[in-house]
Structure formats: C-alpha cells, structure tokens
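The lines below spell out each chain.
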Amino acid sequence: MIPHNRPLIKTADIEAVNEVLGSGYIAQGPRVEALECEFSALLGDGYACALSSGTAALAMALHGLGAGKGDRVTVPTYACSALLNAIYFIGAHPVIVDVKEDDFTIGTGNIETDFVIPVNIFGAQSNVFQLVNDGHIVIEDCAQSLGGKLSDTPAARIYSFYATKIITGGQGGLVWSTEDVIDSVKDYREFDRVEEYYPRFNLQMTDIQAAMISSQLTRLNDIRLKRQLLYSAYAGECSELFASGWNMQMGDITMPYRFVLVAPSNEDRDNMHKHMRSNGVATIVPIEQYELLHNYLGLPKNKFPVAEKLVATTISIPLYPDLKDYEIKTICEALRTFH
Ligand SMILES: *Cc1c(COP(=O)(O)O)cnc(C)c1O
C-alpha cells in the first residue's frame, strides 16, 4: 500500500543531526539561531523565533501581538484543533467562521474581531491582502504553505515542522513578525535565569531539530518543483472526473501540500476511497467532520454549510516528494480508471 504520507529524510539531514550530536551542544543554541536567520532571509523584512511546535508559534504570535485574556480571535472552522488550543492557551476566545467553497480558506466579509488567523489550508493562499486592508491584525497560518508565494504582509506568520509537514524536524514551529513582536516572544521563551520573574514557558526547539530543519530548507525549491509536478500530473488524470461532477480544491496554490478532490456525493467519495485502496493507494479524508472547530465547540452545524459539505465529499491523494516513479504511475492509473 502506498502510504498517504512519508517524511523525506536525506543523508544530508542525518549528517547535519550527527554533527550536532557530536558537538556536545544539543539544546537550543547556535543551530536554532541560524535557522531563525535563514527564515528572516527567506521571508524578507522581519524577524523569526523558533519554537517547539506550530501550536506554540500560534500562541506566541497572539501573545506577541498583544492578544490575551478576553480578546476574541476569528478562525476558520475547516482547520485543526491547534488553533483552539493556542487561543485558549493565552486566555482568549475563538470566533469560528465558515470557509469558501472554491479554495477552502476563510471568507473576508463580516469578520468582527481585531485578531484573525487565516489558514493556508492544503497550500491555498488566504486573502491576507483583504484582511489587512479591512484593518484586522492578521496571523497567517503557513503551516501548510511553507515555500509558497508570500502574501501581502500580515502582522505575523507561523510555521510548523511536524513530521507530516513540508519540511520537518519531527516537531517544531516558528513565528515570523516585526522586531518588537519577536523580542517579546523570545523573552517568553527564555524562561531560565531571568532577572525579572513573570510566568513564562519552556517552548524551546533543540539544536538537533534546527539542524535537521535547516538541512531540509536548502531543498525547498526542489520540494516545490516535485510537489507541483505531482499536482499537475494528478489533475491531468482527472479530466473525466471533472466532466462528471467532480471538482478539486481551487485557489492560489504555489506549494501544493495536498491534492484534494471534491466528490459529487458522499457515496462517490467513499467509492473513490475503496477504488484507490484496491489499487494499493491509501487515501484519507483530509479533515473529518468531528475535527471541524464548530463541532468541537458544539455550535449549530447549519451555520457552517460549506465546511460540513467538504468533510462529506473531500478525499486526499498521496502527494509528497518521496513518492517513487512506479508509485506515481500507480496513483495516476488508479485516478484514471475510476468511474
Ligand atoms: C500542523 C498545523 C498546526 C500545528 O502545528 P504543530 O506543529 O502540530 O503544533 C497549525 N495549523 C495548521 C494549519 C497545521 O497544519
């Protein structure tokens, strides 16, 4: 069975980790600092702070931008529980909204809160330009769009280096923002040997993780090319499906994180899953109904019709750089032969 995901670890990544292990310094140190510099360079104007996870990065971006107890933060329901965890971690309250049917990202009208976290879901760029123009404080969740096109400048961006993300250190996260915000996030992270005490938290990344992430970061262009190639190859195999009522996630996707098809019905989606499985290809429902944030919070389902429809009709096909040529052939043929 071709798995739905597989991390890509190259010899260079292993050597980078070995070098740290042999150096006698494995906690947060020079490698973490180097990774932060690499991200500032990659993202342009701004500063970066590496952390233990993408969730920590979300919480610290909010904290650094001054969000705290009682503040409200708008997030799309079609996302992951990490958003809720980060918002509750700093004592704020989530406001959940539905997403758009074409690209699965947050809509830009009718947002009533100062803070907004648009999620670039499966690599699709959110409309940060509009959100910033409307006067919101925007934290762009780029956990699934690292290496994609850079949007018009949000207040902060966050990244995740979890095992299934575009590049990985097993775990890890990073916030990018202005110097003031990053200073404040770093102060929160440096919990040990502080002169002035206030409650902080150990959210540090190790130099072992940072070395692995930096090593993978050097291949970002190759990763993008490979992902784009797979994405267009799969789309090309689906022309008959598209003529018979199927769709795919549309939108502004430079770094495809997933290839997600939208079936005409729930039954068609399940049939596709069985067909792919019988051809040796593992597929997943990329976000399940119970994972929708409004369902976690027990809000009425009829207020979120698009997301409820997406969880019933979407299916994700394996798309990652480690796929071998014969596996790609198998996937393409399976897509082509589904009727
Ligand atoms: C993975 C992910 C996160 C959380 O990152 P962790 O490193 O797993 O804590 C947040 N938002 C999105 C969109 C993600 O995909």
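Before reading on, note that the structure itself is shown above.
Throughout what follows, the structure given in this document is the object of discussion. (Residues numbered from 1 in each chain as written. Predicted model: local features only at pLDDT ≥ 70, side-chain atom pairs only at ≥ 80, totals over all residues. Heavy atoms only, no water.)

**Considering the sheet that holds strand β6 (residues 156-160)**
Strand order in the open sheet formed by 7 strands is β1-β7-β6-β5-β4-β2-β3, and the pairing between neighbours is mixed. Among the strands making up the open sheet, the edge pair consists of β1 (47-51) and β3 (93-97). Relative to the sheet, helix α4 (residues 81-89) contacts β2 (72-76), β3 and β5 (137-141), its axis offset from that of β3 by approximately 150°. The strands touched by helix α6 (residues 179-189) within the sheet are β1 and β7 (173-177), with β1 carrying the most contacts at an inclination of about 25°. (Pairing = 2+ DSSP bridges. Helix = DSSP H or I, 4+ residues; strand = E, 2+ residues; numbered from the N terminus. Contact = heavy atoms within 4.5 Å. Axes fitted to C-alpha atoms, helices over the stretch in contact; angles between N-to-C directions.)

**Remarks on the nonpolar core**
Counting residues in hydrophobic clusters, the biggest one holds 48 residues, and the most contacted among them are Leu51, Leu62 and Tyr78. Elements that contribute at least two residues to this core include exactly β1, α3 (54-64), β2, α4, β6, α6, β9 (259-262) and α12 (305-313). If you tally residues by element for this core, the top one is α3, at 7 residues. Setting aside chain neighbours within four positions, we find leucine 51 in contact with Ala56, Ala57, Met60, Gly172, Gly173, Leu174, Val175, Val185, Arg189, Leu203, Gln204 and Met205. (Core = buried A, V, L, I, M, F, W, Y, C linked by side-chain atoms within 4.5 Å. Buried < 20%, exposed > 50% of the residue type's maximum accessible area, 1.4 Å probe, protein only.)

**Focus on the packing of α3 against α4**
At their nearest, the axes of α3 and α4 sit 8 Å apart, and the two run at 40° to each other. Overall, the two elements α3 and α4 adopt an arrangement that is oblique. For the pair α3 and α4, the sense of crossing is right-handed. Residue-level contacts link Thr55, Leu58, Ala59, Met60 and Leu62 of α3 to Ala82, Leu83, Asn85, Ala86, Ile87 and Phe89 of α4. Each residue belonging to the contact of α3 with α4 can be placed in one class, and the counts come to 9 nonpolar, 2 polar and no charged. (Parallel < 35°, antiparallel > 145°, perpendicular 65-115°, else oblique. Left-handed = near helix turned anticlockwise from the far one by under 90°. Nonpolar A, V, L, I, M, F, W, Y, C, P; charged D, E, K, R; others polar.)

**Quick notes on the pairing of β6**
Of all 5 residues making up β6, 5 are buried, and the element is well covered by its neighbours. Covered by surrounding structure in β6 are Ala156, Ile158 and Ser160 together with Arg157 and Tyr159, the residues of both alternating faces. Looking at chain direction, β5 and β6 are connected through 3 bridges and run parallel. In the sheet register, isoleucine 139 faces β6, and the bridge partner there is alanine 156. Inspection of the sheet shows β6 paired to β7 by 5 bridges, in the antiparallel sense. Across the sheet, alanine 156 pairs through a bridge with serine 177, a residue of β7.

**What about unusual backbone geometry?**
Phi angles above zero are rare outside glycine, and phenylalanine 104 is one such case at about 70°. Its location among the elements puts phenylalanine 104 in the loop between β3 and β4 (115-116). Looking at phenylalanine 104, the relative accessible area reads 1%, which means it is buried. Here the phi dihedral of arginine 193 falls at roughly 55°; this positive angle occurs in a residue that is not glycine. Tracing the backbone through its elements, the reader meets arginine 193 in the loop between α6 and α7 (207-217). What makes arginine 193 exposed here is its relative accessible area of 81%.

**Concerning the site of the ligand**
Gly54, Thr55, Asp141, Ser160 and Lys165 are the nearest of the 13 residues found near the ligand. Contact with the protein chains covers 89% of the free accessible surface of the ligand, which is 380 Å². A class-by-class count of the residues in the shell around the ligand yields 5 nonpolar, 6 polar and 2 charged. (Near = heavy atom within 4 Å. Areas by Shrake-Rupley, 256 points an atom, 1.4 Å probe, with all protein chains shown as cover.)

**Observations concerning helix α2 (residues 30-43)**
Under the 1.5 Å per step criterion, the end-to-end length of α2 is 20 Å for 14 residues, consistent within 8% with the ideal 20 Å. Among the residues making up α2, those that are buried are Val32, Leu35, Glu36, Phe39, Ser40 and Leu43. For α2, the buried positions fall inside an angular range of 140° around the axis, keeping them on one side. Opposite the packed face of α2, turned more than 90 degrees from it, sit the exposed residues Pro30, Glu33 and Ala41. Elements in contact with the buried residues of α2: β1, β6, β7, α6 and α7. (Expected span 1.5 Å × (residues − 1). Arc of directions from axis to C-beta.)

**Some details on the packing of helix α1 (residues 11-23) against α7**
Their axes nearest at 8 Å, the elements α1 and α7 cross at an angle of 150°. Classified by the angle between their axes, α1 and α7 sit roughly antiparallel to one another. Where α1 crosses over α7, the two elements pack in a sense that is right-handed. Where α1 approaches α7, its residues Ala12, Asp13, Ala16, Val17, Val20 and Leu21 are matched on the opposing element by Asp207, Ile208, Ala211, Met212, Ser215 and Gln216.

**Some points on the sheet that holds strand β8 (residues 247-248)**
Across the sheet, 3 strands lie side by side as β8-β9-β10; this open sheet has antiparallel pairing. At either margin of the open sheet sits one strand with a lone partner, and together these are β8 and β10 (314-317). The sheet strands contacting α12 are β9 and β10, and the helix crosses β10 at an angle near 50°.

**Some remarks on the packing of aromatic side chains**
Here the structure, examined in full by the defined rule, presents 9 aromatic pairs. Judged by centre distance (5.4 Å) and plane angle (55°), the ring pair of phenylalanine 39 and tyrosine 159 falls under tilted. Remark: tyrosine 159 occurs in strand β6 and phenylalanine 39 occurs in helix α2; sequence separation between them is 120 residues. By relative accessible area, tyrosine 159 is classed as buried at 2%. Look at phenylalanine 39 and phenylalanine 161: their rings are 5.7 Å apart centre to centre, the planes differ by 70°, and that puts the pair in the edge-to-face class. Of this pair, phenylalanine 39 sits in helix α2 while phenylalanine 161 sits in the loop between β6 and β7, and the two are 122 residues apart along the sequence. (Phe/Tyr/Trp six-rings, centres within 6.5 Å; stacked < 30°, edge-to-face > 60°.)

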